[in-house]
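So the chains spell out like this:
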Amino acid sequence: MMKFRFRRQGNDPHREKIKQDLFAFNKTVEHGFPNQPSALAYDPKLQLMAIGTKSGAIKIYGAPGVEMTGLHKDTAAVTQIHFLYGQGRILSLLDDNTIHLWEIVQRENRSHLVEVHSFNLPGKPGIESTSATRVTVMLLKLSCELLALGTEGGGVHFLELPTLTLLNKSLFQDEIMQSVPEEYKCGKSLGPVESLQEHPQDSDKILIGYSRGLVVLWDLNCRHVDNLFLGKQLESLVWERSGNSFVSSHSDGGYMVWAVSSSNPCTHDPISSTIPYGPFPCKAVNKILWRTTESGAPLVLFSGGMPRASYGDRHCLTILQDSSHVTLDFTSRVIDFFTIHCTDREKEFDDPSALVVLLEEELVVIDLQMAGWPTVPAPYLAPLHSSAVTCSCHISNVPPKLWERVVSVGQQQCPLQDYENWPICGGKNLAADPKQKELLLTGHEDGTVRFWDASGVSLKPLYKLSTANIFQTDCEHNDSLTQAGEEEWPPFRKVGCFDPYSDDPRLAIQKISVCKYSGKLVVAGTAGQVIVLVLSDEKSDHMIDVATVDLLQDREGFTWKGHDRLPPKSGSVVFAPGFQPVVLVQCMPPAAVTAVTLHAEWNLIAFGTSHGFGLFDYHRRSPVLARCTLHPNDSLAMEGPLSRVKSLKKSLRQSFRRIRKSRVSGKKRVVVNSPTSKVQEANAQLAEHDAEVTPVQRRIEPRSADDSLSGVVRCLCFADTFLRDGTHHGPTMWAGTNSGSVYAYALDVPSQEKFSEQSVEALLGKEIQLMHRAPVVSIAVLDGRGNPLPEPYEVSRDLAKAPDMQGSHSVLIVSEEQFKVFMLPKVSAKTKFKLTAHEGCRVRKVALSNFTSVSSEEYSENALVCLTNLGDIHVFSVPALRPQVHYDCIRKEDISGIASCLFTKTGQGFYLISPSEYERFSLSARVITEPLCRVDVERPHDLSAHSSSSPLPTQANGTHRTQAESKAAETEGLFDEMRSALSSPVLDSPNSSADVTLDTTGELTVEDVKDFLMSVDEAENNYRNMTEEDGRPPGILIN
């Protein structure tokens, strides 16, 4: 036999050049709110804000579109950050006690953040222990030439800037204690340094506050104590602008104002002492700011201080001025805050204009100049997870009319949504205006759908749709309770939009489908609710039509044990301008909807659950079709999500049994003509020819027909194609299930004039059963040229070329294990690619995207983009299914990230790197959305010149690695990861994603967890095949 038949062909240089012009992988920007923020800073001259995180990232923000990210080499939490005033430099302190200096540098006409120095404070032998030199506070002098470090041992050390050189002028407690009278000594030790503040009028003097209550005004030049102040246990200090007084906050919930006078060098009597929320015990005032105003009374802002018994669990920040008193009540912890105010020394008053508060889960900005201190909407850093994200949908090339209408209804919803007054406006956005508008829709656990402007770097909120008002829930009762409590003391005001608690978990949105040309939207939820909405510019008061579709079709032996349906409201409901519901379709049993699709031109929606799928005519408000897909052994489908923990364990037990069976399957006698025997026979033949076949293929075990949840409908699609015969085309609907079944229905859709008279009819045309019974992930029909069919209305409105109806159509069916193209109408196999056999992975997400060449806008190709359970992205040509490129994108352990991934039609993608952040990436060499900004700075001693050739910093999530690096690291640590995975406590944790039904993506399946808990044998197979494939060039697969 001629072995050369199986050898791979060499590279075609012309094709490789085309690939380079079409495909390129880049992680471009992180949308949303940084996960676990831990530090905050602001530069009033450059008007830039910096946020540090617990993962070691520093993110800089200015005007919308001005963003930079730096990542420390070691994954340690950033505890403090400070700007060097006006220099474009940042100092960061990590919890490993290291100090790092960063610079904003210009490369290729854009700004980047680069680390240039680091420093670790050494302990002095015999004087200071390691813990004593732990830095508790940093003071950056306004001259930016000196850095003072307060330590846990009570010492103050000084570094020269920008070189971070330790100066021999450290100040220890012994030197201070010599100048302190006996009655002012707080025991043998003054405690750690809690605060360092530079004198606002005399830069040679600093205020040193010790935790036990002693505050010292120290002269740096004379090394002399000018004043001593003795108060209670200290939390923070702040100077009054003139330097004649300062304010201290304390652990008992109070603050004190102290006069600084040379005539009274020692005092323990403040000018005033106040406990705002006393007299009962209060929590500590963690930080206080005192700002003078031209209008007279100073503005006092402090965090904490709440009555310990009544409101000790509240996260609050208080604003006081004269008789005005507001207690801002947040839903997450206050990390830090600052005011934007006048910093010109020649001016007499601070006159603060805005308050910026960094919370654990969001950023809140308060306008301090407008009456009532209202909130300022943020053009970026939106908390995506204000309610947990459960699904998402992307719309490319949004028509201008739809865009204007969505923006208009959003502005009516939030009249203050004007970003012109955004105070953090430093830097310049160099990116050109996007050529087309993009919408990102996110479904949430509380039943809301949020519309975001995803056209550029800043993800801006446009409009929020709520579905809870359609149903009878407990929301109204909770609202009345909240309003009743607003008149109590303290004067609480709810601020921020982060609200992790859902009134009813059944409201959670599972699937979204949009028609961008007709303004119709379909959202489907956890309790089997499918809602059809239409965009309206006017307010409406109407009843919602309700229809019920029984998907069990009187199937005997099945009893639903899960949650009840959501009861719809009776009578008319008032709806604001925006998307308004016209019909509610209730699936019975009320299981979570797993697939939904809309065809606005035919007035049809299709939906599927774990029990079957249905087809509904929303124009006539009538069901067209209901099909049960349950297998006789599908008992788990009837238990509902509350029994998922039990079902998960059972499913894992079954998968391990299959692994054991597969090891001894070769020894058993095979029954002829069974589906399993055919697979084993094929595996035997494959084993015989392993030596001859160059591409490595793994054996695939057939899935049992009685697998749990085999009836789950995974995908649905509409298409105008050939199903009955090769000469007459017409509307069709396709459905794919978890057991590898594909159902194709021919639809009889009346013309638009007869929609109201005739009903739609559906007739089963084809039924396909994939041999390995692998779940069907996606179905798409291709025209005679191999192109995807256009969307509804695109052809009739001359927005796209008409599909080729002369050549024979084909259908692309993507299962978890392979891609296969069938010719229509005979459904004969044309070509296929066995992904699991070749690559040892399973399909998780797929999309058909269009890639335009970077060399010529006239040349483009359609391609199939696939994300696997290992976090890899593969791109295949369509319809030939030839591998084009292959990239590492998401860590294979990041189950939530893989489940949340979303591809766009232009070759970009999004996935959640944390509950609050989307990572945006691009597979296209032409379509890239990334920060392109410039911050102009003037600074002495430019340190970054020598490091101009150093590599750019990695992304904040640490996953931005080259293909070769990631493959080497993955191979090296593969066995350790797999062994730890098998013994991982992920299944035992009550908070693990495996046990949570309504998770952050709404799409985690048992298969995802099986992938994570893969056996060591499978790991060895992957390792062996990686070793065999090391000869390939990284990022490119050979045709």
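Now for a description of the structure that goes with this document. Keep in mind the model is a prediction, meaning the values are calculated, not measured.

Rules and cut-offs
Residues numbered from 1 in each chain as written. Predicted model: local features only at pLDDT ≥ 70, side-chain atom pairs only at ≥ 80, totals over all residues. Heavy atoms only, no water. Helix = DSSP H or I, 4+ residues; strand = E, 2+ residues; numbered from the N terminus. Buried < 20%, exposed > 50% of the residue type's maximum accessible area, 1.4 Å probe, protein only. Contact = heavy atoms within 4.5 Å. Salt bridge = Lys/Arg side-chain N within 4 Å of Asp/Glu carboxyl O. Pairing = 2+ DSSP bridges. Axes fitted to C-alpha atoms, helices over the stretch in contact; angles between N-to-C directions. 1 Å grid on protein atoms, 1.4 Å probe; cavity = no way out; pocket = protein on both sides within 12 Å on 5 of 7 lines; lining within 4 Å. Points joined across faces, edges and corners; volume = space filled by probe spheres on them. Nonpolar A, V, L, I, M, F, W, Y, C, P; charged D, E, K, R; others polar.

1. Focus on the overall build of the protein chain
For the protein chain, the count of helices and strands is 13 helices and 63 strands. Residues counted as buried form 56% of the 1039 residues belonging to the protein chain. The long-range share in the protein chain, meaning contacts at least 24 apart out of those at least 6 apart in sequence, stands at 61%.

2. Some remarks on the side chain of Ser211
The residue Ser211 is located in the loop between strand E15 (205-210) and strand E16 (214-219) in this model. The class for Ser211 is buried, based on a relative accessible area of 11%. Apart from the residues within four sequence positions on either side, Ser211 is in contact with Leu190, Gly191, Pro192, Glu194, Gln233 and Leu234.

3. Quick word on the pattern of salt bridges
A full pass over the atoms with the stated rule returns 28 salt bridges. The residue Arg506 makes a salt bridge to Asp504 at a minimum N-O spacing of 2.7 Å. By relative accessible area, which is 12% here, Asp504 ends up buried. The salt bridge involving Glu893 is made with Lys892; its shortest N-O contact spans 3.8 Å. In this structure Glu893 comes out as partly exposed when scored by relative accessible area, which is 27%. Among the charged side chains, a network of salt bridges with common partners joins Glu30, Lys59 and Glu917.

4. Some thoughts on the sheet that holds strand E2 (residues 37-43)
Adjacent strands of a sheet form backbone hydrogen bonds with each other and so pair up, either parallel or antiparallel. If you walk across this open sheet you meet the four strands as E2-E3-E4-E5, and the pairing is antiparallel. Strands with a single pairing partner mark the edges of an open sheet, and in this sheet they are E2 and strand E5 (67-71). If you compare each strand with its neighbour and ignore which way they point, the axes differ by 15° on average. Two elements, E2 and strand E3 (residues 48-53), share six bridges in a ladder whose sense is antiparallel. In the sheet register, Asp43 faces E3, and the bridge partner there is Leu48.

5. Here we look at empty space enclosed by the protein
Taken as a whole and judged by the stated rule, the model has four cavities of 30 Å³ or more. Approximately 60 Å³ is the volume attributed to the second largest cavity. In terms of lining, the second largest cavity is formed by Glu30, His31, Gly32, Tyr61, Glu67, Tyr380, Leu381, Val457, Ser458 and Leu459. Per-class residue counts for the lining of the second largest cavity are five nonpolar, three polar and two charged.

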